[in-house]
Amino acid sequence: MSKVLVSDPIDQVGVDILSQVATVDVKTGLKPEELIEIIGEYDALMIRSGTRVTQEIIEAGTQLKIIGRAGVGVDNVDVPAATRKGIVVVNSPEGNTIAAAEHALAMMLSLSRHIPDANASVKSGEWDRKTFVGAEVYKKTLGIVGLGKIGSHVAAVAKAMGMKLLAYDPFISTERAEQIGCQLVELDLLLQQADYITLHIPKTPETTHLINTERLSKMKPSARIINCARGGIIDEEALAVAIKEGKISGAALDVFEKEPIGESSLKALGKEVVLTPHLGASTTEAQVNVAIDVAEQIRDVLLGLPARSAVNIPGLNPDVIEELKPYMQLAETLGNLVGQLAGGRVELLNIRLQGELATNRSQPLVVASLKGLLYKALRERVNYVNASIEAKERGIRVIETRDAAVQDYAGSLHLEATGSLGTHAVTGALLGDGEIRLTNLDGFPINVPPSQHMLFTLHRDMPGIIGKLGSLLGSFNVNIASMQVGRKIVRGDAVMVLSLDDPLPDGILSEITKVPGIRDAYTVTL
Ligand SMILES: NC(=O)c1ccc[n+]([C@@H]2O[C@H](COP(=O)([O-])OP(=O)(O)OC[C@H]3O[C@@H](n4cnc5c(N)ncnc54)[C@H](O)[C@@H]3O)[C@@H](O)[C@H]2O)c1
Ligand SMILES: O=C(O)[C@H](O)COP(=O)(O)O
């Protein structure tokens, strides 16, 4: 039975789902060295933001097949390291959207009405109504940085509260922003005009310290900023200085450069600063959503099924994979075959998606072709997660083309590889019953199913060759299961494709090429 380690607190419903297929150990609060020591036993790891899954942990996770993040942000996972090791990383892109958006709105209102400090004051026995005079958000301008899932929900609620909405998001269209009720503007304009600014972007090299001294100086002195996205998008030291010096009015932060926050000049500030300990996703509803979402994906991957929100298998959407399933097998087979014909050390792979496969939805077939191409070198270590990166790291140039005009079969795939044995090309298609057919080899029409042991020859189409080759194979005790010749003209160049019951013994290829008329011979094991 598989083993799953849950290293952050998740809702019990997630543990119950995982228990359907695995032994589940819940061990929270592990130190990195403790995690490294035990991770080798586990097939899957389920986390929230509390566990940092570093390259070292991934290296130690020799059995790991999947890392599941019960939440959105995967910035605590070394995704490239996981990808290189063929480990799927999944998250729950929508499970906590509403929770995070509501937390940002609650922070905005808390900040403008000083609710946390007023509450503390009353609880300490005071009745101070003068200190806590606030500001209304009605008719004020809210600047939303990042108009994705959370930013859009914040926009909808803020609009209902009578706020004017500006948004900055270089990756969405003006039309989309307008649909949400936002005016799309440049960041500088948003900073200059907004009374409240709320951040809903991922943390990336471009967004780290996006809000720095210079940008803080562009804001209104009355402006307040809210960060419920990721720590480090705001330069916290610069923020504390800007608030102290009255450059802006206040800030509400749920996320920090270092978590737990530790020493910070923000903690010394008064009612103009509201801090919460990364609570954006901490609602009962969100925790149930993300636990189900991620535990189901871990369960599916352990059962050999695809994950629905893998962050490191671009374009490999499970519905599309399901639809392409028979073609995925075709692509892997052709990749494996052409890689062996080209001699293993492949430098260039041309992949042509033909007929009904000539669409962007067929992108997974490119990954499947690469997986097949690399199978001989990497065996089980290559999978859909790491095939593209492995190909890139080996310097294999991949060219994809699409040709809808090829109509011999509903859909077909043409792979041409250049390697140490030269350039070879193979085309394949599926028959009505889903069976794979090789339909062309190096430009010669053929019609053969692939088999485990195959022999291909390039020869002159002339009498006697087939008999001589048959006798030669017989003398090595190799049984021929089927044989077909592909030729373009009578007595011209031709290819022979043989399916063999046994693998070819060492040394026989050079004997085969000594047969008069046979110029080249290749063997392939699928
Ligand atoms: N505090 C919490 O507990 C909590 C909970 C959930 C999500 N989050 C965080 O909230 C953030 C937003 O999550 P989401 O689900 O809305 O993500 P999302 O992917 O739906 O939206 C992010 C948006 O940011 C935009 N964007 C990317 N780079 C940008 C840039 N440089 N400038 C401006 N816009 C940019 C994208 O185009 C996208 O529209 C993430 O950082 C996520 O980790 C925090
Ligand atoms: O990215 C997220 O989903 C949030 O930051 C939530 O983090 P958490 O699961 O640790 O609460």
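What counts and how
- Residues numbered from 1 in each chain as written.
- Chains lettered and ligands numbered in written order.
- Predicted model: local features only at pLDDT ≥ 70, side-chain atom pairs only at ≥ 80, totals over all residues.
- Heavy atoms only, no water.
- Near = heavy atom within 4 Å.
- Polar contact = N/O pair within 3.5 Å; in protein donor to acceptor, adjacent residues only side chain to side chain.
- Areas by Shrake-Rupley, 256 points an atom, 1.4 Å probe, with all protein chains shown as cover.
- Nonpolar A, V, L, I, M, F, W, Y, C, P; charged D, E, K, R; others polar.
- Domains from an automatic or database assignment.
- UniProt positions renumbered as here; feature names shortened; annotations may be inferred.
- Helix = DSSP H or I, 4+ residues; strand = E, 2+ residues; numbered from the N terminus.
- Salt bridge = Lys/Arg side-chain N within 4 Å of Asp/Glu carboxyl O.
- Buried < 20%, exposed > 50% of the residue type's maximum accessible area, 1.4 Å probe, protein only.
- Core = buried A, V, L, I, M, F, W, Y, C linked by side-chain atoms within 4.5 Å.
- Contact = heavy atoms within 4.5 Å.

Undergrad: Sorry, what's going on with the site of ligand 1 here?
TA: Neighbouring ligand 1 are 25 residues, the closest being Lys149, Ile150, Asp169, Ile201 and Cys228. Here an oxygen atom of ligand 1 sits 3.4 Å away from a polar atom, N or O, in the main chain of glycine 148. Relative to its unbound accessible area of 860 Å², ligand 1 is 86% covered by the protein chains. Each residue belonging to the shell around ligand 1 can be placed in one class, and the counts come to 13 nonpolar, 8 polar and 4 charged.

Undergrad: Teacher, can you tell me more about the domain arrangement of the chain here?
TA: Accessible area lost upon the coming together of the parts serves often as the stated size of an interface. Domain boundaries assigned for the chain yield domain 1 (2-95 + 285-303), domain 2 (133-270), domain 3 (316-450) and domain 4 (452-525). Between the C-alpha centres of domain 2 and domain 3 the distance comes to 47 Å.

Undergrad: How should I be thinking about the UniProt feature "domain: ACT" (unreviewed entry) in the chain in this particular structure?
TA: Listed under "domain: ACT" (unreviewed entry) in the UniProt record, and renumbered for this structure, are residues 454-526. In the segment residues 454-526, helix accounts for 22% and strand for 42%; the C-alpha atoms at its two ends are 8 Å apart.

Undergrad: Is there a simple way to think about the pattern of salt bridges in this case?
TA: One side chain can pair with another of opposite charge once the charged atoms of both are near each other. Evaluated as defined, the whole model comprises 19 salt bridges. Note that glutamate 41 is salt-bridged to lysine 3, the shortest N-O span being 2.7 Å. Taken together, the residues span a long stretch of sequence, with glutamate 41 in the loop between helix H2 (32-38) and strand E3 (44-47) and lysine 3 in strand E1 (residues 2-6) at a distance of 38 residues. Judged by relative accessible area, glutamate 41 falls into the partly exposed class, the value being 41%. Residue glutamate 323 is joined to arginine 361 by a salt bridge in which the shortest nitrogen-to-oxygen separation is 2.8 Å. Of this pair, glutamate 323 sits in helix H13 (residues 318-341) while arginine 361 sits in the loop between strand E13 (348-355) and helix H14 (363-378), and the two are 38 residues apart along the sequence. Residue arginine 361 is classed as partly exposed on the basis of its relative accessible area of 45%. One salt-bridge network, held together by shared partners, links Asp188, Glu214 and Lys218.

Undergrad: When you look at the nonpolar core in this model, what are you seeing that I'm missing?
TA: In a soluble, globular protein the nonpolar side chains are often hidden away together inside. In this structure, Leu337, Leu349, Leu365, Leu413, Leu438, Leu441 and Phe456 are the most contacted members of the largest nonpolar core, which totals 45 residues. Ranked by residues supplied to this core, first place goes to H13 with 10 residues. Looking at this core, you find at least three residues from each of domain 3 (316-450) and domain 4 (452-525). Contacts of leucine 438, omitting those with residues within four sequence positions, involve Leu334, Leu337, Val426, Thr427, Gly428, Ile446, Asn447, Val448, Pro450 and Met454. With 31 residues, the next largest nonpolar core counts Ile197, Ile225, Ala229 and Ile243 among its residues.

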